[in-house]
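# What the coordinates show
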Amino acid sequence: MAIDDPVRGTETPEAPAAAEPRSLWSALRPLVLRIHFYAGVLIAPLLLLAATSGLLYALSFQAEKIIYSHELTTDVGERTLPLDTQVSAARDAHPQGTATAVWPSPEEGATTRVLMTSPEVEEGKSLAVFVDPYTAQVRGELPSYGSSGALPLRTWLDEFHRDLHLGDLGRYYSELAASWLWVVALGGLLLWIGRKRSARRALVLPERGVNGRRRTLSWHGSVGLWAVTGLVLLSATGLTWSKYAGENIGAVQDQLGGATPVVTATLDGASGGGGDHDGHGGGGHEGGHQGPDVGVDRAVEAAAAEGVEGRISVILPAEGSGYVVKETDTLFPVNLDSVAIDPADGRVMDELRFADYPLLAKLTRFGIDAHMGVLFGLVNQLALAVLMVALILLIVWGYRMWWLRRPTKDRALGVGRPMPRGAWRKVPPAALLPLVAATAAVGWFVPMLGVSLLVFLAADIALGLVARSRAKS
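Below you will find a few notes about this structure.

Parameters at a glance
- Residues numbered from 1 in each chain as written.
- Predicted model: local features only at pLDDT ≥ 70, side-chain atom pairs only at ≥ 80, totals over all residues.
- Heavy atoms only, no water.
- Helix = DSSP H or I, 4+ residues; strand = E, 2+ residues; numbered from the N terminus.
- Contact = heavy atoms within 4.5 Å.
- Areas by Shrake-Rupley, 256 points an atom, 1.4 Å probe, with all protein chains shown as cover.
- Polar contact = N/O pair within 3.5 Å; in protein donor to acceptor, adjacent residues only side chain to side chain.
- Pairing = 2+ DSSP bridges.
- Axes fitted to C-alpha atoms, helices over the stretch in contact; angles between N-to-C directions.
- Salt bridge = Lys/Arg side-chain N within 4 Å of Asp/Glu carboxyl O.
- Core = buried A, V, L, I, M, F, W, Y, C linked by side-chain atoms within 4.5 Å.
- Buried < 20%, exposed > 50% of the residue type's maximum accessible area, 1.4 Å probe, protein only.
- Expected span 1.5 Å × (residues − 1).
- Patch = residues over 30% accessible without salt bridge, like charges linked within 9 Å, V, L, I, M, F, W, Y side chains within 5 Å.
- Parallel < 35°, antiparallel > 145°, perpendicular 65-115°, else oblique.
- Nonpolar A, V, L, I, M, F, W, Y, C, P; charged D, E, K, R; others polar.

### A look at the overall build of the chain
A tally of helices and strands in the chain yields 13 helices and eight strands. A separation of at least 24 residues holds for 65% of the contacts in the chain among residues at least 6 apart in sequence. A total accessible area of about 24400 Å² is found for the chain, and carbon and sulfur atoms account for 61% of it.

Next up, the structure:
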């Protein structure tokens, strides 16, 4: 992100504009600079909040392993007990709960996680019961949220990052930040690339031997250049969760045939939508399946025979639906195949291979998992942390440049001036009309961007009128 405005006294004077033909960029630059300036100044506090909470969220994956090590790990035993035995132990420990899914121990020394609906946790979350796979001893229980199984620490940080724990009202902050992040990032990229410089090195690396505002701008621009791709991707994937833009994105994805498919687990003769399972463990109701049940172990064996094995999640049968066994390994290469198993005889009713996903659905899944920090594990989490640190520094550097341009002779506590009004008048009509049309289309598709832009324009016009009135009086 860049908060940029003209650099006074730091560049070699250029020849008058009339001496050479005026380029399109020279006409567009003042407009990009003014929008970039206002967006940076006004939206940066929201971006700073999102970046700080995002940094803490990225670090919470490893923190969970330390804080909840007793629940997550155990001593390695001689043999692993059947999953049915482990699920029964969880049910016995929490008879008031309803088991909905089980995550078998993914590696030696790791516990099995049995997810339950329970009055002990709030709506929308599951009770995760951690069972020693070697002894069937319950080592603890914790609230769990989402398909990644976030425990209390990560859940709290995730909700803070998403809505500041303010519910729907708080979601406006995150949608506004995501709506503007890509605009500010790409605007800064254009301004940085469009600058005249004597050495190409100064484009990608900070300048040497410079001080003051020019030094800050050099660090700001070069770091922003390296971070811009990640920031735009974060903005795009973040908007998929938003209330208004997210609905539009989902509609377009469906129209392009990119909706994420689901395995069909509906039993013959059942009217329910048993295929609508996800990894949250909040789907079914124990006891809904009244017929014969081959058990969890047989279901896992049947899935393994179809190549669905390794790190998996097993969703237990609900009324009118069978088992769903899903791969959950997001390390490279990604393994996300799933099968539905008939609980009566262990027959495979349906299978879904990740290779058969539509390309858009694959890209969506990769993008969302990367935003959540679960794609490629620790590498993804470290990349997110570095990107969030970069964004925080860019914001601080941006405000510092604004501060360094303050008119200290008149007001010691003043701030830098924005680009003068009327920049749009310098844009040729042939470029201005398509630009206005594109802005209107983007503003409609990303409503929080469009509405806030109109507010900015209205405020700017009002301030201009006040300034004119004062100048006349």
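There is more to say, and it comes next.
### Describing the side chain of Ser242
Relative to the helices and strands, Ser242 resides in the loop between helix H7 (212–239) and helix H8 (244–255). Separated by 2.6 Å, the side chain of Ser242 and the backbone oxygen of Leu239 make a polar contact. Among the polar contacts made by the side chain of Ser242, one reaches the main-chain amide nitrogen of Gly246 at a distance of 2.9 Å. When near neighbours in sequence (up to four residues on either side) are disregarded, Ser242 contacts Arg171, Glu175 and Glu247.

### Observations regarding the sheet that holds strand E8 (residues 348–352)
The strands making up a sheet are joined through hydrogen bonds of the backbone, oriented either antiparallel or parallel. Here we have eight strands laid out as an open sheet, ordered E4-E3-E2-E1-E5-E6-E7-E8, and antiparallel in their pairing. A single partner strand is all that each edge strand has here, and the edge strands are strand E4 (138–144) and E8. This sheet shows a mean twist of 20 degrees between the axes of neighbouring strands, independent of strand direction. Along the sheet, helix H3 (residues 83–93) makes contact with strand E1 (98–103), strand E2 (112–117), strand E3 (126–131) and E4, crossing E2 at roughly 45 degrees.

### What about the pattern of salt bridges?
According to the stated counting rule, one finds 10 salt bridges in the structure shown. Put simply, Arg347 and Asp342 hold a salt bridge, and the shortest N to O gap is 3.2 Å. Asp369 is the salt-bridge partner of Arg365, the closest N and O atoms lying 2.7 Å from each other. Here the residue Arg365 and the residue Asp369 both occupy positions in helix H10 (residues 359–372), the gap between them amounting to four residues, near one helical turn.

### Here's the deal with the nonpolar core
Among the nonpolar cores identified, the biggest contains 35 residues, and Ile43, Leu47, Trp180, Leu231, Leu387, Met388 and Leu391 are the most heavily contacted of them. Element by element, the count of residues in this core is highest for helix H11 (residues 378–404), at 10 residues. Every residue in contact with Ile43, bar those within four places of it in the chain, is listed here: Tyr38, Leu176, Trp180 and Phe456.

### Considerations on the pairing of strand E7 (residues 338–341)
Side chains Ser338 and Ala340 project from E7 onto one buried face, and the interleaved Val339 and Ile341 project onto a second face that is buried too. Note that strand E6 (residues 323–327) and E7 share four bridges and pair antiparallel. By the bridge assignment, Lys326 is partnered in E7 with Ser338. Strand direction decides the pairing type here: E7 and E8, joined by four bridges, are antiparallel. Pairing of Ile341 across the sheet is with Val348, part of E8. Counted along the chain from E7 to the antiparallel partner E8, the turn is six residues long, and its residue Gly346 has a positive phi close to 75 degrees.

### Re helix H13 (residues 447–472)
The terminal C-alpha atoms of H13 lie 38 Å apart, and with 26 residues this matches the ideal 38 Å at 1.5 Å per residue to within 8%. Along H13, the positions that sit buried rather than exposed are Met448, Leu449, Gly450, Ser452, Phe456, Asp460 and Gly464. Against the buried residues of H13 lie helix H1 (24–67), helix H5 (168–193), H8 and helix H12 (429–445).

### What to know about the side chain of Gln381
Relative to the assigned elements, Gln381 resides in helix H11. By relative accessible area, Gln381 is classed as buried at 7%. Excluding residues within four positions of it along the chain, Gln381 makes contact with Ala58, Phe61, Gln62 and Gly373.

### Quick look at the environment of Ala236
Summarising the element assignment, Ala236 is placed in helix H7. As a C-alpha pair, Ala236 and Gly246 span 10 residues in sequence and 9.8 Å in three-dimensional space.

### Observations concerning unusual backbone geometry
The peptide bond linking Phe332 to Pro333 adopts the cis configuration, its omega dihedral lying at -10 degrees. Structurally, Pro333 is set in the loop between E6 and E7. The phi angle at Leu164 is positive, at roughly 60 degrees, despite the residue not being glycine. Phi at Phe376 takes a positive value of approximately 70 degrees, unusual for a residue other than glycine. Checked against the element boundaries, Phe376 lands in the loop between H10 and H11.

### Quick look at a nonpolar patch on the surface
A cluster of nonpolar residues, Leu166, Leu169, Tyr172 and Tyr244, forms a patch on the protein surface that exposes about 390 Å² of accessible area. Note on Leu166: relative accessible area 52%, which makes it exposed.

### Some words on the packing of H7 against H10
Look at H7 against H10: their axes get within 9 Å of each other, and the N-to-C directions meet at 105 degrees. Classed by the angle they form, the pair H7 and H10 counts as roughly perpendicular. Every residue of H10 that contacts H7 at Leu234, Thr237 and Gly238 is listed here: Gly367, Ile368 and His371. Looking at the contact of H7 with H10, its residues break down into two nonpolar, four polar and no charged.

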